[in-house]
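# Remarks on the overall topology
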Amino acid sequence: MNWCNLKSCWRSHETWQTVYLLFLGQVVSFVLALSSFTSSLIATLGVDAPLTQTLFPYFFLGFVYGIVLLYRRKRLLVSWYWYLLLGFVDVQGNYLVNKAFQFSSITSVTLLDCWTIPWVIILTWIFLATRYSLWQLFGAALCIVGLGLVFLSDAGVGGGDGSKPLLGDVLVVAGTVFYAMSNVGEEFCVKKKDRIEVVSMIGVYGFLVSVVEVSIVERKTLESVEWSTDIILAFVGYGLSTFMLYSLAPFVLKLSGATMFNLSILTSDMWAVVIRIFFYHQQVDWLYYLSFAIVCIGLVIYSITEKNHVPVSAVEDGNSNAQYQVLTGENEASRNESFVS
């Protein structure tokens, strides 16, 4: 490729779409790192209320985006019981991962989040009929290899702290199964329906499910909490960061898909390292930086080869003849419209 062709490729709309998508994914990744940090801080302050943490972001999601939905005065495009199911699995994923902070370190929890990726690949392959090229699988494998180096680094610097790290690890892996189901369900909804409706309904039904579970599981725990300024600020920080995460995530899911979304947020581990440096003044092993570079390479490989999807048939609203071309195989005009918006 000569210099003129390279310059023309860089100026192309598709190239800027890829750059925009990668940037947006890293913004989501940073917000996720803030969410993990505040959740870990809440556990450090002695508060064991993972369900209560999620009440506030779910409430504000339902309130803010629900107002927009009511202003439109349109009927729901997806039946309410699907949103109830989506809200239920999302709450369980948040509960299990937030609960894991009680037993394991922030490094271990954020690292084990990577298990969401194979679950998402399996679920999209089965239920959305998504087909991945060898290059895409290679890019995903590179990201996981990069995080494997972080495991080695943690073993060297003693990053596996926690009262019951094994229990915490099991909770995180179980949580990633629910996260994968939530991501895939949200991907299908935002691509076939409306982003505002999906986010608002996840907020509404996530809040209702959380209220029920809090009244059953955490009522006595909340009565024993000695509230302080630090605890309240930690809850506020978690609520704001999670609200931003759920607001931004549909854009990544709309433009690429659940797998690219989870590959992007893998770098939240690296952002967590930055937080550790500034807040905890801890030394970071050189393997972290090598891991970050490998993850970035894997992301680029996956995003560049993502346009190689082929059309597949999907069943929607009982119509078996409806054609659904998943991920970036959608109509190009629709994708460009989403990019501009």
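For every chain, the first residue of the written sequence is number 1, and numbering continues from 1 onward in sequence order. Whole-chain, interface and lining totals are the exception, using all residues; otherwise, since this is a predicted model, local features are given only for residues with pLDDT of at least 70 and side-chain atom pairs are given and counted only at 80 or more. Working from all heavy atoms in the structure, the side-chain values ignore hydrogens and water.

### A short note on the overall build of the protein
Note the cut-off: In DSSP terms, a helix is any run of H or I states spanning at least four residues, a strand is any run of E spanning at least two, and both are numbered starting from the N terminus. Contact definition: two residues touch when any of their heavy atoms are within 4.5 Å. Using a 1.4 Å probe, accessible areas were evaluated by the Shrake-Rupley method; residue-level cover was limited to the displayed protein chains.
Check the secondary structure of the protein and you find 15 helices and two strands. Within the protein, contacts between residues separated by at least 24 positions form 88% of all contacts whose residues are at least 6 apart in sequence. Per element, the accessible surface of the protein, about 16,700 Å² overall, is 69% carbon and sulfur.

### Brief notes about the packing of aromatic side chains
Applied cut-off: Geometry of aromatic contacts follows a simple scheme: Phe, Tyr and Trp rings, the Trp one being its six-membered ring, pair when their centres are within 6.5 Å, and the pair is stacked under 30 degrees between planes, edge-to-face over 60, tilted otherwise. Throughout, exposure labels follow a simple rule: accessible area from a 1.4 Å probe, protein chains only, divided by the maximum for the residue type, with under 20% read as buried, over 50% as exposed, and the rest as partly exposed.
A full pass over the atoms with the stated rule returns ten aromatic pairs. For the pair Phe-59 and Phe-63, a centre-to-centre distance of 6.1 Å together with 10° between the ring planes defines the contact as stacked. Of this pair, Phe-59 and Phe-63 both sit in helix H3 (residues 50-72), four residues apart, which is roughly one turn of that helix. Taking the relative accessible area as the measure of exposure, Phe-63 reaches 46% and is therefore partly exposed. Centre to centre, the rings of Tyr-81 and Trp-82 are 5.8 Å apart; their planes meet at 45°, and the pair counts as tilted.

### Things to note about the nonpolar core
Keep this limit in mind: Put simply, a nonpolar core is a bunch of buried Ala, Val, Leu, Ile, Met, Phe, Trp, Tyr and Cys residues held in one set by side-chain atoms that sit within 4.5 Å of each other.
In this structure, Tyr-83, Val-198 and Ile-202 are the most contacted members of the largest nonpolar core, which totals 22 residues. Secondary-structure elements contributing two or more residues to this core are H3, helix H4 (80-100), helix H8 (165-192) and helix H9 (195-217). Looking at this core element by element, the count peaks at eight residues for H9. Residue contacts for Tyr-83: discarding those within four places in its chain leaves Val-78, Glu-197, Val-198, Met-201 and Tyr-205. Counting 15 residues, the second largest nonpolar core, distinct from the first, contains Ala-33, Ala-43, Val-172 and Ile-275.

### Points about H3
Selection criterion: Here a helix's expected span is defined as the number of its residues, less one, multiplied by 1.5 Å. One fitted axis covers the seven residues ending at a residue, a second covers the seven starting there, and the bend at that residue is the angle between these axes.
Across its 23 residues, H3 extends 34 Å between first and last C-alpha, which sits within 8% of the 33 Å expected from 1.5 Å per residue. A maximum bend of about 30° is found in H3 at Gly-66.

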